[in-house]
Amino acid sequence: MKDLGSQLTPVSNKESKRDTGVRVRYVGTYEPIDRVDVEAIEPEDIVPSQEPRDTDVWFTEWQVAEDSLGVALDQHVDWSLVPMDQNWVSRLFAGRRTIPLQLDTYADAARDPSDRSDRTQLSGRVARIDQISVRYHPSKDPEERGVLVPDTRGAMQHSVLSFRQLRGHHGKIVGWIVRLRE
């Protein structure tokens, strides 16, 4: 093995005399880097039928990332939930799945905090977590020119043990569906 140590230039935190005035800036986003080999994508999981005491709850990917939310299988939870956007559910699943509620950490921002009429308090054990991904394409609607929209009925579901354990998927992860058993 060749010793390259003697050929390396020492690095210092001090400014050198040959300062050219060039400054380097690093820019980042919270957007996760999803590098998944297409060959690693597994077929979509079949979601078992709901039991009478089961409720599916939606978690939006960007809120999970921004608020560092973590949910794991068998965890006991107590959530204050709001109605789910049914247009979004229809676009993703087209009747394959129903999701009545969502955890929305920004739901109170647009309304009177004392009005809790549309809130549902739900507690129980996490019985299942499905990672939801979808591919996007440019909208064909002339009013949305250049806007990327999810493939209608194109949501792919993969069962996971927690929000932190991702599985191979197509497109972009848009959220999770947590099945809560009361």
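Residues numbered from 1 in each chain as written. Predicted model: local features only at pLDDT ≥ 70, side-chain atom pairs only at ≥ 80, totals over all residues. Heavy atoms only, no water.

Describing the overall build of the chain
Using the following cut-off: Numbering of helices and strands runs from the N terminus; a helix is a DSSP stretch of H or I covering at least four residues, while a strand is a stretch of E covering at least two. Residue burial is assigned from relative accessible area. The probe radius is 1.4 Å, only protein chains are included, and a residue is buried under 20% of its type maximum, exposed over 50%, and partly exposed in between. When checking whether two residues touch, look at their non-hydrogen atoms; a contact exists if any pair is within 4.5 Å.
When helices and strands are counted, the chain shows two helices and eight strands. If you list the helices and strands of the chain from N to C, you get β-α-β-α-β-β-β-β-β-β. Of all 182 residues assigned to the chain, the portion counted as buried reaches 34%. Long-range contacts, defined as pairs at least 24 residues apart, comprise 79% of the intrachain contacts of the chain with a sequence gap of at least 6.

Some remarks on the environment of Leu103
By secondary structure assignment, the location of Leu103 is in the loop between strand 3 (101–102) and strand 4 (120–134). Along the backbone, Leu103 and Gln63 are 40 residues apart, and their C-alpha atoms lie at a distance of 9.2 Å. Non-local contacts of Leu103, meaning those with residues more than four positions away in its chain, are made with Val57, Trp58, Phe59, Gln63, Leu69, Trp79, Ser80 and Leu81.

A few points about the pairing of strand 1 (residues 54–60)
Definition in use: At least two bridges found by DSSP between two strands are what make those strands a pair.
Buried residues dominate strand 1, accounting for seven of its seven residues. A two-sided burial pattern is seen for strand 1, the buried positions comprising Asp54, Asp56, Trp58 and Thr60 on one face and Thr55, Val57 and Phe59 on the other. As defined by bridge partners, strand 1 adjoins strand 3 across two bridges and the pair is classed as parallel. Across the sheet, residue Val57 finds its bridge partner in strand 3, namely Leu101.

Notes on the confidence of the model for the chain
Short version of the rule: pLDDT is a residue-level measure of predictor confidence that goes from 0 to 100.
Put simply, the chain has an average pLDDT of 80, and 73% of its residues get 70 or more. For residues 1–16, every residue scores under 50 in pLDDT, and the model assigns this stretch one contact once sequence neighbours within four places are set aside. Confidence over residues 33–39 falls short of pLDDT 50; this stretch has four contacts with residues more than four positions distant or in other chains.

A few points about the nonpolar core
Where a protein is soluble and globular, its nonpolar side chains tend to be buried together. The condition is simple: As used here, the term nonpolar core means buried Ala, Val, Leu, Ile, Met, Phe, Trp, Tyr and Cys residues forming a set that is joined through side-chain atoms within 4.5 Å.
Counting residues in hydrophobic clusters, the biggest one holds 19 residues, and the most contacted among them are Phe59, Val71, Trp79, Ile129, Phe163, Trp176 and Val178. Counting residues per element, this core draws most heavily on strand 8 (residues 172–181), which supplies four residues. The residues touching Val178, leaving out its near neighbours within four places in the chain, are Thr55, Asp56, Val57, Phe59, Val71, Trp79, Val126, Arg128, Ile129 and Phe163. Among the nonpolar cores identified, the runner-up in size contains eleven residues, and Trp58, Val89, Ile99 and Ala155 belong to it.

Things to note about the packing of aromatic side chains
To be explicit about the condition: A pair of Phe, Tyr and Trp rings is counted when the ring centres sit within 6.5 Å of each other, with Trp represented by its six-membered ring. The angle between the planes then sorts it: under 30 degrees is stacked, over 60 is edge-to-face, the rest tilted.
Scanning the entire structure with this criterion turns up four aromatic pairs. Ring-pair connections join several aromatic residues into one group, and the members of that group are Phe59, Trp79, Phe163 and Trp176.

Remarks on the pattern of salt bridges
Here the idea is simple: oppositely charged side chains can pair when their charged atoms come close. As a reminder, the rule being used: The term salt bridge refers to a side-chain nitrogen of Lys or Arg lying within 4 Å of a carboxyl oxygen of Asp or Glu.
As enumerated under the stated definition, the model contains seven salt bridges in all. Measuring nitrogen to oxygen at the nearest pair gives 3.7 Å for the salt bridge that ties Glu51 to Arg181. Here Glu51, found in the segment before strand 1, pairs with Arg181, found in strand 8; they are 130 residues apart in sequence, far enough to count as distant. Connected via shared salt-bridge partners are Asp56, Arg97, Arg128, Asp130 and Arg179.

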